[in-house]
Amino acid sequence: MTDDRERTMRFLYALRSKGVTDARVLAAMERIDRGAFVKGLFAERAYDDMPLPIACGQTISQPSVVGLMSQALEVGPRDKVLEVGTGSGYQAAVLSELARRVYTIDRYRRLVREAEEVFRALDLTNITAVTGDGSFGLPEQAPFDRIIVTAAAEDPPGPLLAQLRVGGIMVLPVGQSGAVQTLIRVTRTENGFDYHELRPVRFVPLVGGLGQE
Ligand code: SAM
């Protein structure tokens, strides 16, 4: 076995052992090279199951959390997905393998620009990256079939709930920043919203307004 293949097998094994079992999600994570999204000092840790620092004081999420969130989102091939918190672009890239179209938004212009460069290099043509405050969603593209938030808010932001279509699913961490938060899945029904707790997680906070960089 080549070193690359062995590394991929180890990566997939770690995902499975943390509960990522959905075949489409595993195939997407096999195709999208996390190494393309981690730069500099930490590049050699790209295949470890840990969050890593990226520019602007932010983080690329732990691969098993990316897998578990993608799995909980139950994305279908015809779905239009919104991700709040582009960061490195890795989660959006994984989702782009599962969905028809992905919109991803981050408050740092620099992160959006760098993620776009990687999307271009990997020829991921169904992702649109936008700079903005994602707490307000992306009203001009709503409604969304699926919404994923990769930064923690105390409660699900109202505009995101409003931009989820009936039957749609949103997955997001809720809770105080700096504390253990809870990953939840919200399903929009004809009459309101169903809330389901998934697991404890730790994410950087959802912050209002645009970043400096
Ligand atoms: N999904 C990312 C990835 O795959 O690398 C990891 C996201 S990182 C944990 C959280 C991101 O949320 C940061 O890049 C941060 O700038 C962004 N963020 C925080 N508050 C935001 C807001 N109000 N609107 C948009 N992005 C926000």
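You'll find the structure just up there.
Parameters at a glance
Residues numbered from 1 in each chain as written. Predicted model: local features only at pLDDT ≥ 70, side-chain atom pairs only at ≥ 80, totals over all residues. Heavy atoms only, no water. Axes fitted to C-alpha atoms, helices over the stretch in contact; angles between N-to-C directions. Helix = DSSP H or I, 4+ residues; strand = E, 2+ residues; numbered from the N terminus. Left-handed = near helix turned anticlockwise from the far one by under 90°. Contact = heavy atoms within 4.5 Å. Phe/Tyr/Trp six-rings, centres within 6.5 Å; stacked < 30°, edge-to-face > 60°. Buried < 20%, exposed > 50% of the residue type's maximum accessible area, 1.4 Å probe, protein only. Parallel < 35°, antiparallel > 145°, perpendicular 65-115°, else oblique. Nonpolar A, V, L, I, M, F, W, Y, C, P; charged D, E, K, R; others polar.

S.K.: Quick question: what am I supposed to make of the packing of helix 1 (residues 3-17) against helix 2 (residues 23-31) here?
M.R.: A pair of packed helices is characterised by two quantities: the angle between their axes and the separation of those axes. Contact geometry for helix 1 and helix 2: axes closest at 10 Å, N-to-C directions at 145°. Between helix 1 and helix 2 the crossing geometry is right-handed. Facing Arg5, Thr8, Phe11, Leu12, Leu15 and Arg16 of helix 1, the residues of helix 2 in contact are Leu26, Met29 and Glu30.

S.K.: I tried to follow the packing of aromatic side chains on my own but got confused; where do I start?
M.R.: The geometry of an aromatic ring pair comes down to the distance between the two centres and the angle between the two planes. The final tally for this structure, using the stated rule, is three aromatic pairs. When the centroid spacing of 6.2 Å and the interplanar angle of 85° are considered together, the rings of phenylalanine 11 and tyrosine 47 count as edge-to-face. Of this pair, phenylalanine 11 sits in helix 1 while tyrosine 47 is found in the loop between helix 2 and strand 1 (52-53), placing the two residues 36 residues apart along the sequence. Judged by its relative accessible area of 7%, phenylalanine 11 is buried. Taking relative accessible area as the criterion, tyrosine 47 reaches 23% and is therefore assigned partly exposed. Here tyrosine 103 and phenylalanine 144 contribute two aromatic rings whose centre-to-centre distance is 6.1 Å and whose plane-to-plane angle is 70°, an arrangement assigned as edge-to-face. You can see tyrosine 103 sitting in strand 4 (residues 101-106) and its partner phenylalanine 144 sitting in strand 6 (residues 144-149), a full 41 residues away along the chain. The exposure class assigned to phenylalanine 144 is buried, which follows from its relative accessible area of 0%.

S.K.: When you look at the packing of helix 2 against helix 4 (residues 90-98) in this model, what are you seeing that I'm missing?
M.R.: The contact between helix 2 and helix 4 brings their axes to 9 Å, and the two run at 125°. Considering their axes alone, helix 2 and helix 4 lie oblique with respect to each other. Our pair here, helix 2 against helix 4, has a crossing hand that is right-handed. Contacts from Arg24, Val25, Ala28, Met29 and Arg31 of helix 2 reach helix 4 at Tyr90, Val94, Glu97 and Leu98. Class assignment of the residues belonging to the contact of helix 2 with helix 4 gives a composition of six nonpolar, no polar and three charged.

Worth remembering: the numbers are spatial, not functional.
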